[in-house]
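# Fold and geometry: a report
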Amino acid sequence: MAHAKDRVFPHRRSADHGQPGPAHHPIVIVGAGPVGLVAALDLASKGHRTVVIDKKSNLSDGSRAICWAKRSLEIMDRLGAGQALLDKGITWKTGKVFFDTRQVYEFDLLPEAGHRMPAFINLQQYYFEHYGVEAAQQTGLIDLRWQEEVSGLTMTGDGVLLDIATPEGPYRLLADWVIAADGARSTLRRLMGLEFEGRVFQDQFLICDIKMKMDRPVERWFWFDPPFNRGRSALLHKQADDVWRLDFQVGNEADRDEEVRPENAARRVRSMLGEDIDFTFEWISLYRFQSRRLQRFRHGRVLFAGDAAHQVSPFGARGGNSGVQDADNLVWKLDLVIKGQAPDGLLDSYDAERAYAADENLLHTTRSTDFIAPKSAASRMFRDGVLALAETEPFARRLVNSGRLSVATSYDQSPLNGMDGFARGEAGAVRPGAAALDAPLDGGWLLQQIGGGFAGVWFSRERHVPEEVARGQAGLAQREVPVKALVVSQETACARYGAAGAPAYYLFRPDQHVAARWHGFDQGAVEAALDRAIAKS
Amino acid sequence: MPLQYDLNLKDPDGTYAAIIDAHGDLTDAESAALNARLVLLLANHIGDAEVLRKAIEVARTSLGKAR
Ligand SMILES: Cc1cc2nc3c(=O)[nH]c(=O)nc-3n(C[C@H](O)[C@H](O)[C@H](O)COP(=O)(O)OP(=O)(O)OC[C@H]3O[C@@H](n4cnc5c(N)ncnc54)[C@H](O)[C@@H]3O)c2cc1C
């Protein structure tokens, strides 16, 4: 098979082509980027067929996203592609920050053992998509249609009519549900006349992805004001296949065509890494970024996800990673609504929860951007003050902001959250709304056990399960929306969930976020929390 | 503890002089840089976000830039 970045997907004329009327499909996904692929895989894991439309004939143009966060890896693991990503990706956890020529700060992203997935891996976006496509083909439920472009959209009473342009002429699809994962320049957004509100930044950054054998530690290096890029910033990070990401801030006025000329880009590369290095270019790209989002992610039967719904600056690796979480959040809700097991209103919580997450990501990336590229003399003064103090004063290190790296959003205000039976601040990392924390079990991992449906976990150091808990769990497993019954007694898991002493019962949603929790077990309370988590009450 | 409006310094004149002295041999740009570092150090020492918010508000108001 061709290398992931060179794969070409031919157009295949589908049976829907040339029919007198539009072909009906329950779910159409527009966009086979990371987000569309994850949505399709997750829907397939719940038994749904999908049609996925993408106008391109290839995977991601250029490496683009390279940092994949723990939560994305956990989601991909649930969908069967986690190990492939882990094997191909570069695992890293150390970052170093330099100011001028001095190292001022070093961080370790995952100081704690006992998680299946690392804090981050680095892997070119086309590989992420490649493994996604491989996994999609395994399911037999995902109809991937390359070189087909959505060019028109009409809302009908109970569906969405899509015009599809293809190399062999147009056809039409009638979908009950459409997931718009068609990226930052979303066609669907435009066709529906939706505004994309926010800020466009003037700062320009030059990406040089180069291939080079280099004996360097696998660490993220970030420079503020280095001699080779005075007054600006730079980043160096390793990807798979001996490819390195170099990112230079080049200023607002830099000339686009000049900057991306290989001889000019090569000068920058050599200024960072030395005159005598031997390398080839993989990708040169100049970008400006934006911080914008749709006001609402749900428009009836059209659900926006990923860059189509929100765009953030790359500092913090929050674009792709948050899009993957969008899909993870959306799919179980769509599944229950389609099966008639939850009211349509459950899908409104997709908007509530993921718009909240988008705001969190926008806030973090905007703050990082202001630190990396200060917008005023005063802002630069404080920035440089922080960097200078960070060399000697521990407190200032926490203020250094070269990107706050993506972690799963906790849906603190979510209407789906049920009871928190814990004392304030007790095991706060796994409060209702938060994503589950992994922990080792005998021969496996907690997240793998929780799986992709509702799960109820009795955490107790006592191996003996009280009779009423066992009976209650058996009852919950028989409901229309079943709750998988689990008992966990391992020390690390119990400690992480605040059950080192008194036992605890946690109700997890299908996206592995905590719905509710208690010390002790009360079946009626769990049923009430379950109804709430599917918007039934 | 709320922001202190009443005098909280044991040696007011000495403290004031110490701040001015720190700027004695500095250019305007260096003075601004010193002030930024002092604000950061003191903000961390105070720690209380509410006190800082109030201090920022009072300082801006005295500049005629209330928000
Ligand atoms: C330089 C750079 C570095 C980045 N680094 C990171 C990082 O380290 N980590 C991270 O998480 N994110 C990063 N990102 C962001 C990340 O690349 C995006 O957030 C991610 O690609 C979004 O995925 P998506 O599936 O929403 O959209 P896309 O990947 O843009 O996919 C959209 C797809 O829709 C298709 N499409 C569009 N219109 C139509 C249409 N009308 N009909 C049919 N198909 C259509 C396109 O062909 C495309 O394949 C980076 C981005 C850049 C530019």
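The rules we used
- Residues numbered from 1 in each chain as written.
- Chains lettered and ligands numbered in written order.
- Predicted model: local features only at pLDDT ≥ 70, side-chain atom pairs only at ≥ 80, totals over all residues.
- Heavy atoms only, no water.
- Helix = DSSP H or I, 4+ residues; strand = E, 2+ residues; numbered from the N terminus.
- Buried < 20%, exposed > 50% of the residue type's maximum accessible area, 1.4 Å probe, protein only.
- Areas by Shrake-Rupley, 256 points an atom, 1.4 Å probe, with all protein chains shown as cover.
- Lys, Arg positive; Asp, Glu negative; His and termini not counted.
- Charge placed at Lys NZ, Arg CZ, Asp CG, Glu CD.
- Rg over C-alpha atoms; globule rule 2.2 N^0.38 Å.
- Contact = heavy atoms within 4.5 Å.
- Buried area = accessible area lost by both parts, 1.4 Å probe.
- Salt bridge = Lys/Arg side-chain N within 4 Å of Asp/Glu carboxyl O.
- Polar contact = N/O pair within 3.5 Å; in protein donor to acceptor, adjacent residues only side chain to side chain.
- Nonpolar A, V, L, I, M, F, W, Y, C, P; charged D, E, K, R; others polar.
- Pairing = 2+ DSSP bridges.
- Axes fitted to C-alpha atoms, helices over the stretch in contact; angles between N-to-C directions.
- Expected span 1.5 Å × (residues − 1).
- Near = heavy atom within 4 Å.
- Domains from an automatic or database assignment.
- Parallel < 35°, antiparallel > 145°, perpendicular 65-115°, else oblique.
- Left-handed = near helix turned anticlockwise from the far one by under 90°.

## A short note on the overall build of chain B
If you tally the helices and strands in chain B, you get three helices and zero strands. When the backbone C-alpha atoms are referred to their principal axes, chain B occupies close to 35 × 30 × 25 Å. Within chain B, buried positions represent 9% of all 67 residues. A total of about 5,500 Å² of accessible surface is found on chain B, and carbon and sulfur atoms cover 60% of it. Each charge sign in chain B was given a centre, from 7 positive and 10 negative side chains, and these centres are 12 Å apart.

## Considering the overall build of chain A
In terms of regular secondary structure, chain A is built from 15 helices and 27 strands. Taking 24 Å as the expected radius of gyration for a compact globule of 537 residues, we find that chain A reaches 24 Å, a close match to that expectation. Based on the C-alpha atoms only, the size of chain A along its principal axes is roughly 70 × 65 × 45 Å. Evaluated residue by residue, chain A yields a buried proportion of 58% over its 537 residues. Here the contacts in chain A between residues at least 6 apart in sequence split such that 73% fall between residues at least 24 apart.

## Topic: the interface of chain A and chain B
The interface of chain A with chain B comprises nine residues on the first partner and nine residues on the second. Between chain A and chain B, a total of about 780 Å² is buried, with carbon and sulfur atoms accounting for 85% of that surface. Of all residues in chain A, Met 381, Phe 382 and Phe 395 of chain A give up the largest surface area on contact with chain B, accounting jointly for 61% of the area buried on that side. Taken together, the links from chain A to chain B amount to zero salt bridges. Our count for the contact surface shared by chain A and chain B stands at zero residue pairs in polar contact (both at pLDDT 80 or more). Ranked by residues supplied to the side of chain A that touches chain B, first place goes to helix 10 (residues 377-390) of chain A with seven residues. Across the side of chain A that touches chain B, the residue classes break down as seven nonpolar, one polar and one charged.

## Side note on the environment of Pro 440 of chain A
Residues and elements named next belong to chain A. Mapped onto the fold, Pro 440 is located in strand 22 (residues 440-441). Each C-alpha atom, one on Pro 440 and one on Thr 492, is 7.2 Å from the other, the two residues being 52 residues apart in sequence. When residues no more than four places from it in sequence are discounted, the contact partners of Pro 440 are Gly 114, Trp 445, Gln 490, Thr 492 and Arg 496.

## Thoughts on the sheet that holds strand 6 (residues 102-108) of chain A
Residues and elements named next belong to chain A. Sheet architecture is open: seven strands sit in the order 6-5-14-15-16-13-17, paired in mixed fashion. Strands with a single pairing partner mark the edges of an open sheet, and in this sheet they are strand 6 and strand 17 (280-287). Direction aside, neighbouring strands of the sheet carry axes that sit 15 degrees apart on average. Sheet analysis places strand 5 (residues 94-99) next to strand 14 (residues 220-224), joined by five bridges and oriented parallel. Bridge assignment links Val 97 to a residue of strand 14, and that residue is Phe 222.

## Structural notes on helix 2 (residues 28-46) of chain B
Its 19 residues give helix 2 of chain B an end-to-end C-alpha distance of 27 Å, which sits within 8% of 27 Å, the value for a rise of 1.5 Å per residue. By the burial criterion, the buried members of helix 2 of chain B are Ser 31, Ala 33, Ala 36 and Leu 40 of chain B. Where the residues of helix 2 of chain B are buried, they touch helix 10 and helix 11 (394-397) of chain A. Positioned one or two residues after helix 2 of chain B, Gly 47 of chain B has a phi angle of 75 degrees, which is positive.

## Considering the site of the ligand
Residue and element names in this part refer to chain A. Asp 54, Gln 125, Thr 187, Asp 307 and Asn 321 are the nearest of the 29 residues found near the ligand. Here an oxygen atom of the ligand and a backbone polar atom of Val 35 are 3.1 Å apart. Against a free-state accessible area of 1,000 Å², the protein chains account for coverage of 90% of the ligand. At the level of elements, helix 1 (34-45), strand 2 (50-54), strand 9 (149-156) and helix 8 (319-338) are the ones that each hand at least two residues to the shell around the ligand. Per element, the largest residue contribution to the shell around the ligand is three residues, and it comes from helix 8. The residue makeup of the shell around the ligand, split by class, is eleven nonpolar, nine polar and nine charged.

## Considerations on the sheet that holds strand 26 (residues 504-508) of chain A
Hydrogen bonds along the backbone pair up the strands of a sheet, which may run parallel or antiparallel. Residue and element names in this part refer to chain A. Strands sit in the order 25-24-26-27 across an open sheet of four strands; the sheet is mixed. Among the strands making up the open sheet, the edge pair consists of strand 25 (484-488) and strand 27 (514-519). Neighbour-to-neighbour, the strand axes of this sheet turn through a mean angle of 15 degrees, independent of strand direction. As judged from the five bridges shared by strand 24 (residues 455-459) and strand 26, these two strands associate in the antiparallel manner. Looking across to strand 26, one finds that Gly 456 is bridged to Leu 507. On the sheet, helix 13 (residues 467-476) packs against strand 24, strand 25 and strand 26 and is oriented at approximately 170 degrees with respect to strand 24. Contacts from helix 15 (residues 523-533) reach strand 26 and strand 27 within the one sheet, and its direction differs from that of strand 27 by about 165 degrees.

## Considering the domain arrangement of chain A
Domain boundaries assigned for chain A yield domain 1 (4-88 + 119-197 + 293-361), domain 2 (198-290) and domain 3 (440-533). For domain 2 of chain A versus domain 3 of chain A, the distance between C-alpha centres works out to 48 Å.

## Overview of the packing of helix 1 of chain A against helix 8 of chain A
Residue and element names in this part refer to chain A. Running from N to C, helix 1 and helix 8 cross one another at 30 degrees; their axes reach a closest spacing of 9 Å. In this view, helix 1 runs roughly parallel relative to helix 8, as classed from their interaxial angle. Helix 8 is crossed by helix 1, and the crossing has right-handed handedness. Each of Val 35, Val 38, Ala 39, Asp 42 and Leu 43 in helix 1 lies in contact with helix 8, whose residues at this interface are Gly 323, Val 324, Ala 327, Asp 328, Val 331 and Leu 334. For the contact of helix 1 with helix 8, the class distribution of residues is eight nonpolar, one polar and two charged.

## Quick look at the side chain of Ser 414 of chain A
Residue and element names in this part refer to chain A. Looking at where Ser 414 falls in the secondary structure, it is placed in the loop between helix 11 and strand 22. Separated by 3.0 Å, the side chain of Ser 414 and the backbone nitrogen of Leu 416 make a polar contact. The contacts of Ser 414, once residues within four sequence positions are left out, are Glu 353 and Arg 509.

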